[in-house]
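Remarks on the overall topology
Listed below, chain by chain, are the residues.
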Amino acid sequence: MAVAAKESSRRLQAMTSEERKRILLDIADALEGNSHIIHVENEADVCEAEHAGYGKILDISASTKPPKVSEISLAMLARANCVQRPRQVMCLCFSKMMSAPNFVFDFAYYAWHITRLANNIRLLANMEDPIGCLSRKTQIADGLILEKISCPLGVLLVIFESRPDALVQIASLAIRSGNGLLLKGGKEAKRSNAILHKIITDAIPESVGHKLVGLVTSRYEIPDLLKLDDNLINLVIPRGSNKLVSRIKNLTKIPVLGHTDGVCHVYIDRSAKMDMAKQIVLDAKEDYPAACNAMETLLVHKELAHTSDFNDFIVELRKKGVNLYGGSRASSLLDIPQADSLSTEYSSMACTVEVVDDVHAAIEHINKNGSAHTDCIIAEDQEVVEAFLGQVDSAVVSHNASTRFSDGARFRLGAEVGISTSKIHARGPGLLTTKWIIRGRGQVVEGDKGVTYTHMQEHPN
């Protein structure tokens, strides 16, 4: 499977940007043309999951947002999976990929959402070609040019949760970026994954090969794949818990890009505009509580803690159904239960609140208790803002903007497999690496005697 994906990926990389674009457009059309059978297979998954005891089916008539985890049965939480049917609608969009607990989605009212997913694929197809982008150009010596360009990683092994829309998104990203792909989705969505995989691979031309995207159907196949050399599988991306990522790392010598916890913070400085702060915090928590970029900890400057504005703010959070847990200072101030940990990812309508002395204390708290994912400051004092942006050691740091913007689609990268919190090699969203190109006219090193080095930086064209 890995060998076939590698061979197919090389043929894909040899294609022009327009040819790869055509594949994605064909996939988008095929999804819309097969929406009925997708619905049938997904409905079978949903029914089977219900019978397996994954919990009740939810009906939220007024919203297409995921339900609060507090509304989901303990049986589902124990399995870290759930069945979800918000208004019998599957929210298929590139900006809502990461989620915990995991979800098996229903495709009822499927046509509109399949169209939405297909349109996002078309958006990705029509973006600038990500391969071969020139980011740096240096004249090493007269007539000797060094270029740094983007290039595919090779073959990716992605282990993802029970979200069939993720399969489509990841496959689309891989094809646009010239990568081969092996996918292992959650067993609760096996029928949905199988039909989506078939639709996608049927749309891939024979000149590339249907095995460009492989579907791993049993978890027992994963250990054997992880034993392969990294010249066959170039990167493993496990989407899930710290436990999953740690287990994968212990089983392989292949590089692992782990997206694990999303312990995202919002810090409200004393210079913040409270109306703005209220709007940002509510969005960061309420817009999609299960997302990896949702706020999990709210930090507040001590001078705001006793103000009526902050008190009103806390009342509003409670009215919205947010369960509050406090750090050592906030728990007594607000009379709320003390948080079990300052590093909790609730993935639900809950968050930790803590009071800090100043921006430096906020930075220290975040760097100690956060997950280096996405963190935000709400402030008007520019000196405070620059200290926060420069010293918070996270993949994405924002000023006066919701943490929910930390997303591949919103960065106009098309979509994402996850937000990498690693520093070597990838950080943030993306599925490419770089390589160096040397263009010369017969130069030789000859003990550095035959070349006069200039190292002049040139602007990439």
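Here, the structure is the one placed above.
Residues numbered from 1 in each chain as written. Predicted model: local features only at pLDDT ≥ 70, side-chain atom pairs only at ≥ 80, totals over all residues. Heavy atoms only, no water.

Let's talk about the side chain of N293
Structurally, the position occupied by N293 is in the loop between α10 (274-286) and β10 (295-301). A relative accessible area of 2% means that N293 is categorised as buried. Here R404 takes part through its side chain, which lies 2.7 Å from a polar atom of the side chain of N293. Every residue in contact with N293, bar those within four places of it in the chain, is listed here: C264, H373, T403, R404, S406, D407 and R410. (Helix = DSSP H or I, 4+ residues; strand = E, 2+ residues; numbered from the N terminus. Buried < 20%, exposed > 50% of the residue type's maximum accessible area, 1.4 Å probe, protein only. Polar contact = N/O pair within 3.5 Å; in protein donor to acceptor, adjacent residues only side chain to side chain. Contact = heavy atoms within 4.5 Å.)

Observations concerning the environment of R122
With respect to the element layout, R122 can be found in helix α5 (residues 110-125). If we ignore the near neighbours within four places in the chain, the residues touching R122 are L25, A28, D29 and E32.

A look at the sheet that holds strand β11 (residues 323-326)
Strand order in the open sheet formed by 6 strands is β11-β12-β10-β9-β13-β14, with parallel pairing between adjacent strands. One side of each edge strand has no neighbouring strand; the edge strands of this open sheet are β11 and β14 (396-399). When the angles between neighbouring strand axes are averaged without regard to direction, this sheet yields 20°. Sheet topology places β10 next to strand β12 (residues 350-356); 5 bridges connect them, and they run parallel. Bridged to L299 within β12 is E354. (Pairing = 2+ DSSP bridges. Axes fitted to C-alpha atoms, helices over the stretch in contact; angles between N-to-C directions.)

Notes on the environment of Q382
In this fold, Q382 is placed in helix α14 (residues 382-391). For the pair Q382 and S271, spaced 111 residues apart in sequence, the C-alpha separation works out to 9.5 Å.

Some words on the packing of helix α3 (residues 35-51) against helix α7 (residues 190-202)
How two helices pack is summed up by the angle between their axes together with the distance between the axes. Two elements in contact, α3 and α7, have axes whose closest approach is 7 Å; the angle formed by their N-to-C orientations is 160°. By the angle between their directions, the pair α3 and α7 is classed as roughly antiparallel. Once α3 is placed against α7, the crossing between them reads as left-handed. Within the contact between the two elements, α3 uses I37, I38, E41, N42, A44, D45 and E48 and α7 uses K190, R191, S192, I195, L196 and I199. (Parallel < 35°, antiparallel > 145°, perpendicular 65-115°, else oblique. Left-handed = near helix turned anticlockwise from the far one by under 90°.)

Focus on the sheet that holds strand β4 (residues 144-152)
With antiparallel pairing, the 4 strands of this open sheet are ordered in space as β15-β4-β3-β16. At either margin of the open sheet sits one strand with a lone partner, and together these are β15 (432-439) and β16 (453-458). Between one strand and the next, the sheet's axes are offset by a mean angle of 25°, whatever the strand orientation. Sheet topology places strand β3 (residues 134-141) next to β16; 4 bridges connect them, and they run antiparallel. Residue K137 lies in a different strand from β16, and its bridge partner there is E458.

Side note on helix α2 (residues 17-33)
End to end, α2 covers 24 Å across 17 residues, agreeing with the expected 24 Å (1.5 Å per residue, within 8%). All of the buried residues along α2 are R20, K21, I23, L24, L25, I27, A28, A30 and L31. (Expected span 1.5 Å × (residues − 1).)

Topic: the pairing of strand β5 (residues 155-159)
Taken across its 5 residues, β5 has 5 buried, putting it largely inside the fold. Of the two faces of β5, both are covered, the one formed by V155, L157 and I159 as well as the one formed by L156 and V158. Bridge count between β5 and strand β6 (residues 180-184): 5 bridges; the pairing is parallel. Across the sheet, V158 pairs through a bridge with L183, a residue of β6. Crossover connection from β5 via helix α6 (residues 164-176) to parallel β6: handedness right-handed. Strand direction decides the pairing type here: β5 and strand β8 (residues 235-238), joined by 4 bridges, are parallel. Bridge assignment links L156 to a residue of β8, and that residue is L235. (Right-handed = clockwise from strand over helix to strand, strands pointing away.)

Just distances and angles here, no functional claims.
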